[in-house]
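Residue-level listing of the chains:
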Amino acid sequence: KQWYQRRVHGESYTVQEQTLRSHSFEPAHIKMIFNLRLDQDLYHRLLLVFLTSFSFCYLASYVLYSLALWVTLVIPFSLALATLKSSLQLEVGDKSVLITGCDTGFGLALAKHLTGLGFNVFAGCLLADKDGPGATELRGLANPRLKVIQLDITKQEDWDKALEFVQKTSFLLLLVCGAL
């Protein structure tokens, strides 16, 4: 175990870093799956690609050949690539993510997004036990893959409880520190 001193908001505290030498890790086998998404994000992406491709075709038609030739070649190819990019997703299975700072901002948005992608998310909120606005919003989603936990990053007891809870539940793939 190694100890580090840090300063946050003018207060000095000690954070314990636990080495994971006793655990054996295998490389994560992450697969990509094709899942056709028909959502607003895809429609916006396709519209942007169409307008950009058409503009390129219009300009290219002045240099080489006709507009019809460029449109029949470029636009279908561009739209197919945009759809493919939007539809490829990670196969997450039972992988989990622990995110700190889920009361507001980046942590809150990331917790919602990763839950939507299918990850098991442990959302660490500073005010989870006091029903803070972020914790209340996340609990209101009523998603079984989203678990709101009390986590004050300046308190070793909260880290120990979070670590114990996560280890009992699933395999942790990623730790995102959004509370700094």
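Residues numbered from 1 in each chain as written. Predicted model: local features only at pLDDT ≥ 70, side-chain atom pairs only at ≥ 80, totals over all residues. Heavy atoms only, no water.

Per the stated rule, a full pass over the model turns up 3 aromatic pairs. Taking the centre distance of 6.2 Å and the plane angle of 20 degrees together, the rings of phenylalanine 50 and phenylalanine 54 count as stacked. Taken together, the positions of phenylalanine 50 and phenylalanine 54, both in helix H1 (residues 40-63) and 4 residues apart, correspond to about one turn of that helix. On the basis of relative accessible area, phenylalanine 54 is assigned to the partly exposed category, the value being 35%. A ring pair is formed by tyrosine 58 and tyrosine 62, whose centres lie 5.3 Å apart and whose planes are at 85 degrees; its orientation type is edge-to-face. Within this pair, tyrosine 58 and its partner tyrosine 62 are both found in helix H1, separated by 4 residues, close to a single helical turn. The class for tyrosine 58 is partly exposed, based on a relative accessible area of 41%. (Phe/Tyr/Trp six-rings, centres within 6.5 Å; stacked < 30°, edge-to-face > 60°. Helix = DSSP H or I, 4+ residues; strand = E, 2+ residues; numbered from the N terminus. Buried < 20%, exposed > 50% of the residue type's maximum accessible area, 1.4 Å probe, protein only.)

As a further point, take H1. Compared with the 34 Å implied by 1.5 Å per residue over 24 residues, the 35 Å span of H1 between its first and last C-alpha is a close match. When we look at burial in H1, the residues that qualify are Leu42, Ser53, Cys57, Ala60 and Ser61. Where the residues of H1 are buried, they touch helix H2 (67-87). (Expected span 1.5 Å × (residues − 1). Contact = heavy atoms within 4.5 Å.)

Remember that the coordinates give geometry; whether it matters functionally is a separate question.
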